[in-house]
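# Chains, contacts and geometry: an overview
One letter stands for each residue in the lines below.
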Amino acid sequence: MKSQNERKRTFLLISIPILLLFFGFNTLPLIKGFIYSFTNFRGYGSYEWVGWRNYADLFTDTRVGNSYWFTFKLAIVATILINILSLIMALALNSKIRFKSFLRGMYFIPNILGALVVGYIFSYIFTYILPAITRTASMLADKNLAWIAIVIVCAWQSIAMNTLIYISGLQTVPEDVYEAASLDGATGWNKFRYITFPLIMPFFTINMVLCMKNNLMVFDQIMALTNGGPAQSTESISFLIYNNGMAGGQFGFQSANAVIFFIVIVTVSVLQMRFLNKREEQL
């Protein structure tokens, strides 16, 4: 009994510093940011309470509206592209091929690299190498094409992790299920549609929710590739909150934007989970 009490006390003593650090670096800034969202705080100096004015102004601010439109456009396209390519790669890497383990390791390298490092490498490619080959202007300088370059970079780095999750799902499918399906004449697309995909649907749900959330919060790639340009055409919500909140003197206003953005991400994730869980039940 005494040893159990000492063990519990030890676990408690270990947990307290972690909880204090979590509160100091996560919860407390969150609370302070929520409080500042009701002020005209510029990030320095004195401030005044403005009530709900910041939240009301968000819905009439054109720049904020454009950033939401750009972010959702990028997140939806990137999420679809990443999951299609990841699933194809997972099926290939899970098949009976030589050097399968080596290829899986090599394929995961993009996920290890930092997003800023990857962004700067691709920035050089889009700015100097591709224009030299195609004899055209850089994609990053075109308002209509810059977002596509960001999608490419986001997909290139994110596909690796999603592929591993899909491979984990494929390895849970029993071989005897495929053998029974083969005896019934199922091959190719029908085998994937009616057997493989329904059985890995929970892994598809995980990938879709995490991928959508990560792409909605895109920041590093934009910082490295376009810095929000050209002409503010690639300003994501996260980048706008950081840029205008920290350097633009809109700390209070962008704090309100951050609160709304948090609610949006939670809402999107919950809706995705509900919809995809219903699809799992139907399959």
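In what follows, the accompanying structure is described. (Residues numbered from 1 in each chain as written. Predicted model: local features only at pLDDT ≥ 70, side-chain atom pairs only at ≥ 80, totals over all residues. Heavy atoms only, no water.)

## What to know about the side chain of Thr-79
With respect to the helices and strands, the residue Thr-79 is situated in helix α3 (residues 62–94). Within the structure, Thr-79 has its side chain in polar contact with the side chain of Asn-215 (distance 3.3 Å). Not counting the four nearest positions on each side in its chain, Thr-79 is found in contact with Met-208, Cys-211, Met-212 and Asn-215. (Helix = DSSP H or I, 4+ residues; strand = E, 2+ residues; numbered from the N terminus. Polar contact = N/O pair within 3.5 Å; in protein donor to acceptor, adjacent residues only side chain to side chain. Contact = heavy atoms within 4.5 Å.)

## Focus on the packing of aromatic side chains
For the coordinates displayed, the defined rule picks out 17 aromatic pairs. With a centroid separation of 5.4 Å and an interplanar angle of 65°, the aromatic rings of Phe-122 and Trp-156 are classed as edge-to-face. Taken together, the positions of Phe-122 in helix α6 (residues 115–134) and Trp-156 in helix α7 (residues 146–170) put the pair 34 residues apart, joining distant regions of the chain. Between Phe-192 and Phe-197, the ring centres sit 5.9 Å apart and the planes meet at 50°, which makes this aromatic pair tilted. Since its relative accessible area comes to 17%, Phe-192 is described here as buried. A cation over a ring is seen here: Lys-73 above Trp-147, with NZ or CZ 4.6 Å from the ring centre. (Phe/Tyr/Trp six-rings, centres within 6.5 Å; stacked < 30°, edge-to-face > 60°. Buried < 20%, exposed > 50% of the residue type's maximum accessible area, 1.4 Å probe, protein only. Lys NZ or Arg CZ within 6 Å of the ring centre and 35° of its normal.)

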